[in-house]
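A closer look at the structure
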Amino acid sequence: MDWRTLLEKISLLPLVVMLTVSCSISYSFNGSSIDYTKIKTISFENFPNRSSGFVWGPMESMFNTALQDIYIQQTRLRQVSRSGDLHLKGEITNYDAINKGIGADGYSNMAELRMTVRVEFTNSVNHHEDFKQQFTASREYNSSQQLSTVQEELVNQMIKEIVEQIFNATVANW
């Protein structure tokens, strides 16, 4: 074997290795791992606010919109009104504020806003992935602030966190 033939074979080796490795790895930029050949649709039931704590009117619609938006924006699933290949239903079971800390003056200086959502997930293609689970988020704020001045921002943050938890549990398979 001459040097030229050997050099050609050696120079092709990295190319063959790169092609082999690149063909076996698939990337998903949104984190979902859905088999779109089997799963094509998703349906949602309204998540009502059934918390026994205080009620903030816009929260229910904000949550429902955010939940549907993440699936529509980050997957290729088509939303249907009922009987989707994937189906989500549940309720907001808790929304409350508690005192977190007492200052030197004996008054509360920190408060925590908490939100919990119960979710029932059904995968009609693979029922082994079905689950019933609760997802919770909380945010602290200085209790010298009126809740009404920080509530919308904190609720948006908690909704975003809970919706991402639900998305990851249902279609990201983390």
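Residues numbered from 1 in each chain as written. Predicted model: local features only at pLDDT ≥ 70, side-chain atom pairs only at ≥ 80, totals over all residues. Heavy atoms only, no water.

Let's talk about the nonpolar core
Using the following cut-off: To qualify as a nonpolar core, a set must consist of buried Ala, Val, Leu, Ile, Met, Phe, Trp, Tyr and Cys residues joined through side-chain atoms within 4.5 Å. The cut-offs for exposure are 20% and 50% of the maximum accessible area for each residue type, with area from a 1.4 Å probe on protein chains only; residues under the lower value are buried, those over the upper are exposed, and the others partly exposed. Runs of E in the DSSP output that reach at least two residues are strands. Runs of H or I that reach at least four are helices, and both are numbered from the N terminus. Pairs of residues are marked as contacts when any of their non-hydrogen atoms sit within 4.5 Å.
By size, the foremost hydrophobic cluster in this structure holds 39 residues, and its most contacted members are Phe63, Tyr71, Leu88, Met115, Val155 and Ile166. Sorting the residues of this core by element identifies β1 (41-44), α2 (59-74), β3 (86-102), β4 (108-123), β5 (131-142) and α3 (147-172) as the ones contributing at least two each. What Leu88 contacts, discounting residues up to four positions off in sequence, is Ile42, Ser43, Phe44, Glu45, Phe47, Tyr71, Val119, Glu120, Phe121, Ile166 and Thr170.

Re the environment of Ala97
Along the chain, Ala97 turns up in strand β3. Considered as a pair, Ala97 and Gly53 are 44 residues apart in the sequence and their alpha carbons are 8.4 Å apart. When sequence neighbours within four positions are dropped, the list of residues in contact with Ala97 reads Phe54, Glu112, Leu113 and Tyr141.

Things to note about the sheet that holds strand β2 (residues 78-79)
Our working definition: Here a strand pair is declared whenever DSSP counts at least two bridges between the two strands. Fitting a line to C-alpha atoms yields each axis, with helices limited to the stretch in contact; the angle taken between N-to-C directions then spans 0 to 180 degrees.
What the five strands build is an open sheet, ordered β2-β1-β3-β4-β5; its pairing is mixed. For this open sheet the edge positions go to β2 and β5, each flanked by a neighbour on one side alone. As defined by bridge partners, β1 adjoins β2 across two bridges and the pair is classed as parallel. Residue pairing across strands places Ile42 opposite Gln79, the latter belonging to β2. Helix-sheet contacts for α2 involve β1, β2, β3 and β4, and the interaxial angle to β3 is about 125°. α3 rests against β3, β4 and β5 of the sheet, and its axis sits at about 150° to β5.

As for the pairing of β3
Here three bridges tie β1 to β3, and the two strands are oriented parallel to one another. Opposite Ser43, over in β3, you have His87 as the bridge partner. Of the strand pairs in this sheet, β3 and β4 are connected by 15 bridges, and their pairing is antiparallel. Opposite Lys89, over in β4, you have Glu120 as the bridge partner. Adjacent in sequence and paired antiparallel, β3 and β4 are bridged by five residues, among which Gly106 carries a positive phi angle near 85°.

Considering the confidence of the model for the protein chain
So the rule is basically this: Residue-level confidence of the predictor is what pLDDT reports, using numbers from 0 through 100.
Across the protein chain, pLDDT averages 86, with 80% of residues at or above 70. The secondary structure element of the protein chain with the lowest average pLDDT is helix α1 (residues 3-24), at 55, and the one with the highest is β1, at 98. For residues 20-30, every residue scores under 50 in pLDDT, and the model assigns this stretch three contacts once sequence neighbours within four places are set aside.

Some details on the layout of surface pockets
Over the atoms rolls a probe the size of a water molecule, and its path tells where empty space is left. The following threshold applies: A pocket, in this scheme, is an open set of points on a 1 Å grid over the protein atoms alone with protein on both sides within 12 Å along at least 5 of 7 lines, while a cavity is a set where a 1.4 Å probe fits but cannot get out; residues line either one if an atom lies within 4 Å of a point. Grid points are joined across faces, edges and corners, and a volume is the space filled by probe spheres set on the points. Only Asp, Glu, Lys and Arg are considered charged, only Ala, Val, Leu, Ile, Met, Phe, Trp, Tyr, Cys and Pro nonpolar, and every remaining residue, Gly among them, polar.
Its boundaries defined by the atoms lining it, the largest pocket holds a volume of some 150 Å³. Lining the largest pocket are 13 residues, and of these Ser33, Asp35, Ile39, Asn123 and Glu129 sit closest to its centre. Classifying every residue of the lining of the largest pocket by side-chain character gives five nonpolar, five polar and three charged.

Digging into the packing of aromatic side chains
Note the cut-off: Working definition: a ring pair exists when centres of Phe, Tyr or Trp rings (six-membered ring for Trp) sit within 6.5 Å. Plane angles under 30 degrees give stacked, over 60 give edge-to-face, the rest tilted.
One pass over the full model with this rule turns up five aromatic pairs. When the centroid spacing of 5.3 Å and the interplanar angle of 55° are considered together, the rings of Phe47 and Phe63 count as tilted. With Phe47 in the loop between β1 and α2 and Phe63 in helix α2, the pair connects residues that are 16 residues apart, well separated along the chain. Relative accessible area serves as the criterion here: at 0%, Phe63 is assigned to the buried category. For the pair Phe131 and Phe135, a centre-to-centre distance of 6.4 Å together with 65° between the ring planes defines the contact as edge-to-face. Given a relative accessible area of 4%, Phe135 falls into the buried group.

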